[in-house]
Amino acid sequence: MEVPAPDRFDWFVETISSALMPSALSARDAAAFHAEGAFLGLGPVQLSRFSYSPLRSRRTPALIRRGDPEQYQLGLVTRGSAWYAQGGSEAELHAGDMVLWDTSRPYDSGSGLDDGSVEVLVLQIPKARLPLAAPQVDQLVARRMDSTTGIRAVLAQFLGAVVGNGSDCRPRDLGSLGSVAVELAAACLIQQLGAETQPPEAARAHVLLRQVDAFIEQNLADPDLTPRAIADRHHISLRSLYTLFQDHVDDQGRSEGVAEAIRRRRLERCRADLGSPHLRRQPVHVIAGRWGFPNAAAFSRSFRAVYGVTPQAYRSEAQEPRAVAEQQA
């Protein structure tokens, strides 16, 4: 979208406030201001790319009260320079540096230390998704992190690859990419805390659960995806896997074991395919088999138990509005 030059700064202010958080922005030269922005939803997280002229950004207590997404936001400078200050710490950043900030606390930042434009990738992580205690994260805000070596380099390269290619991914794959991004970010932050600072047991369990979630998502089509196979793949006992899922809940907040999680996700994929007009000529058993249900009768029973109708009846109901529309056309 091309924005007229006189409106560009106001557009950027509105975009930042809605996409990231309400902020007070001031540009060195609003009349000559230029910016670009792109956003990619990755399930529970969002990855954004911004390129803009030199400016100053502040987040005050009043702006926090106006709107707080309750996130930790991890910024990666890919071009130019910037600085961030929060919680008594301040970091000067150049291309290849990362910094973390908390949307629930005031901060001050600026860009264009070298009088040029800056480009930043921002990973927005809900606080509940980051497996670190708040006091630990507080030690990391507004501190420069180099991303040219080790696990931080892996994260930086991953974020760059997702920004460049994520728009070509299927929606269900984007959620898996988001889980991987959170895991990598958590690993970077844990490392930044220092080798002597071990993450709490709850944090390690949280990371492992995210890894298992991503593994299940990527292997739903495999009929041999079982709790035993998952435990073996992650080098844990079956009992440990069940313990890991004790507090796991589905999208509606209901408790869900590992076997239930696999079955629910497979049924959701089948239901989506049965409702797709592009797949209406595919037999039900083919769709079921594609999502890990080799036994058509068992699939039909499971589907009816969850959705209250047989797979064929669901397909007929889902396709009926389209058939009527095509006849009227």
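Residues numbered from 1 in each chain as written. Predicted model: local features only at pLDDT ≥ 70, side-chain atom pairs only at ≥ 80, totals over all residues. Heavy atoms only, no water.

Right, let's get into the pattern of salt bridges. In the structure shown here, the tally under the stated rule is 16 salt bridges. Among the ionic pairs, R79 bridges to E119, the shortest N-O distance being 3.8 Å. Here R79 is found in strand 5 (residues 71-79), whereas its partner E119 is found in strand 10 (residues 118-126), with 40 residues between them in sequence. You can call R79 partly exposed: its relative accessible area is 36%. (Salt bridge = Lys/Arg side-chain N within 4 Å of Asp/Glu carboxyl O. Helix = DSSP H or I, 4+ residues; strand = E, 2+ residues; numbered from the N terminus. Buried < 20%, exposed > 50% of the residue type's maximum accessible area, 1.4 Å probe, protein only.)

Here we take up the packing of aromatic side chains. Centre distance and the angle of the planes are the two values used to describe a pair of aromatic rings. One pass over the full model with this rule turns up 13 aromatic pairs. With 6.1 Å between their ring centres and 90 degrees between their planes, F12 and F50 make a pair best called edge-to-face. Linking F12 in helix 1 (residues 8-19) with F50 in strand 3 (residues 45-52), this pair joins segments that are 38 residues apart in sequence. The class of F12 is buried, set by a relative accessible area of 2%. With a centroid separation of 5.7 Å and an interplanar angle of 65 degrees, the aromatic rings of F303 and Y314 are classed as edge-to-face. Taken together, the residues span a long stretch of sequence, with F303 in helix 11 (residues 296-307) and Y314 in helix 12 (residues 311-328) at a distance of 11 residues. In this structure Y314 comes out as partly exposed when scored by relative accessible area, which is 23%. (Phe/Tyr/Trp six-rings, centres within 6.5 Å; stacked < 30°, edge-to-face > 60°.)

We now examine the sheet that holds strand 4 (residues 55-59). Sheet strands associate in pairs through backbone hydrogen bonding, adopting either a parallel or an antiparallel arrangement. If you trace the five strands from one edge of the open sheet to the other, you get 1-4-9-6-7, paired in antiparallel fashion. On the outer flanks of this sheet lie strand 1 (24-27) and strand 7 (89-94), each paired with one strand and no other. Averaged over all neighbouring strand pairs, the angle between strand axes comes to 10 degrees, with direction disregarded. For strand 1 and strand 4, the ladder comprises four bridges, and the chain directions are antiparallel. Across the sheet, A27 pairs through a bridge with L55, a residue of strand 4. Set on the sheet, helix 1 makes contact with strand 1 and strand 4; between it and strand 1 the angle comes to about 155 degrees. (Pairing = 2+ DSSP bridges. Axes fitted to C-alpha atoms, helices over the stretch in contact; angles between N-to-C directions. Contact = heavy atoms within 4.5 Å.)

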